[in-house]
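Structural description and commentary
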Amino acid sequence: MAGEDELHGDEWRLYDYVCRHFLATVSPDCRYTKTKAVLTLAGESFKCSGKRITSAGFTLILPTSGTKEDVFIPPFENGENVPVQEVELRSGLTSPPEYLTESELIGMMERHGIGTDASIPLHINNISERNYVRVEGSRRLM
């Protein structure tokens, strides 16, 4: 077992991560209770959900994995009347995702098992020739 005094910088962080990851794989599952509620007000339905960790399991060893933290909502009974404390109306706009770069598309194709290493460039060439996309100067597919 190496200590932090024996390894420096990235070496220690990598060693620590590998050890924690291994221990997490043989640790118990993280368990939590999930609560969902649907509230109706003036004919409109509103949903909320919460979760409470009942056994942290592997997340004690590898905290960056699994569920982050408890989100508390009080217990409700079916048909219970709940007083409204605050009403807030917000408006906003959404925007489409950025265009993919050629390397991002290749990564997504590999993750989803589309094509082989030899055929992926052919697929990209085909969609370019069919004018589904065009490759811009920064290798971004438009």
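Here is a short report on the structure shown in this document.

Scoring rules and cut-offs
- Residues numbered from 1 in each chain as written.
- Predicted model: local features only at pLDDT ≥ 70, side-chain atom pairs only at ≥ 80, totals over all residues.
- Heavy atoms only, no water.
- Axes fitted to C-alpha atoms, helices over the stretch in contact; angles between N-to-C directions.
- Helix = DSSP H or I, 4+ residues; strand = E, 2+ residues; numbered from the N terminus.
- Parallel < 35°, antiparallel > 145°, perpendicular 65-115°, else oblique.
- Left-handed = near helix turned anticlockwise from the far one by under 90°.
- Contact = heavy atoms within 4.5 Å.
- Nonpolar A, V, L, I, M, F, W, Y, C, P; charged D, E, K, R; others polar.
- Core = buried A, V, L, I, M, F, W, Y, C linked by side-chain atoms within 4.5 Å.
- Buried < 20%, exposed > 50% of the residue type's maximum accessible area, 1.4 Å probe, protein only.
- Salt bridge = Lys/Arg side-chain N within 4 Å of Asp/Glu carboxyl O.
- Polar contact = N/O pair within 3.5 Å; in protein donor to acceptor, adjacent residues only side chain to side chain.

1. Some thoughts on the packing of helix α2 (residues 102-111) against helix α3 (residues 120-129)
Look at α2 against α3: their axes get within 11 Å of each other, and the N-to-C directions meet at 125°. As summarised for this structure, α2 and α3 are arranged oblique, according to the angle between their axes. In terms of crossing hand, the pair formed by α2 and α3 is right-handed. Residues E102, L105, I106, M109 and E110 of α2 lie in contact with α3, whose contacting residues are I120, H123, I124 and I127. Residues that form the contact of α2 with α3 fall into these classes: six nonpolar, one polar and two charged.

2. Observations concerning the nonpolar core
The nonpolar side chains of a soluble globular protein tend to be buried with one another. L105, M109, I120, I124, V133 and L141 together form the largest nonpolar core, which totals six residues. For this core, the secondary-structure elements that each account for two or more residues are α2 and α3. When neighbours within four sequence positions are excluded, I124 is seen to be in contact with E102, L105, I106 and M109.

3. A word on the side chain of T101
Structurally, T101 is set in the loop between β2 (44-55) and α2. Apart from the residues lying within four places of it in its own chain, the contact partners of T101 are R139, R140 and L141.

4. So, the environment of H21
Tracing the chain through its elements places H21 in helix α1 (residues 10-25). Expressed as a C-alpha distance, the spacing of H21 and I61, which sit 40 residues apart in the sequence, is 8.0 Å.

5. A few points about the environment of T116
Turning to its location among the elements, T116 is positioned in the loop between α2 and α3. On the accessibility criterion, T116 (47% relative accessible area) is partly exposed. Taking the C-alpha atoms as reference, T116 lies 46 Å from R90; in sequence the two are 26 residues apart.

6. Notes on the pattern of salt bridges
One pass over the structure, following the stated rule, counts five salt bridges. Close ionic contact of D10 with R13 constitutes a salt bridge, the shortest N to O distance being 2.2 Å. With D10 and R13 both in helix α1 and three residues apart, the pair spans about one turn of that helix. For R13, a relative accessible area of 52% translates into the label exposed. Note that R134 is salt-bridged to E136, the shortest N-O span being 2.7 Å. By relative accessible area, which is 52% here, R134 ends up exposed. Note on E136: relative accessible area 30%, which makes it partly exposed.

7. Remarks on unusual backbone geometry
For N131, which is not a glycine, the phi torsion comes out positive at approximately 60°. Unlike most non-glycine residues, R139 shows phi in positive territory, near 65°. Within the element layout of this structure, R139 appears in the segment after α3. Judged by its relative accessible area of 45%, R139 is partly exposed.

8. Focus on the side chain of E102
With respect to the helices and strands, E102 occurs in helix α2. In this structure E102 comes out as buried when scored by relative accessible area, which is 18%. Side chain to side chain, E102 and R139 meet in a polar contact 2.4 Å long.

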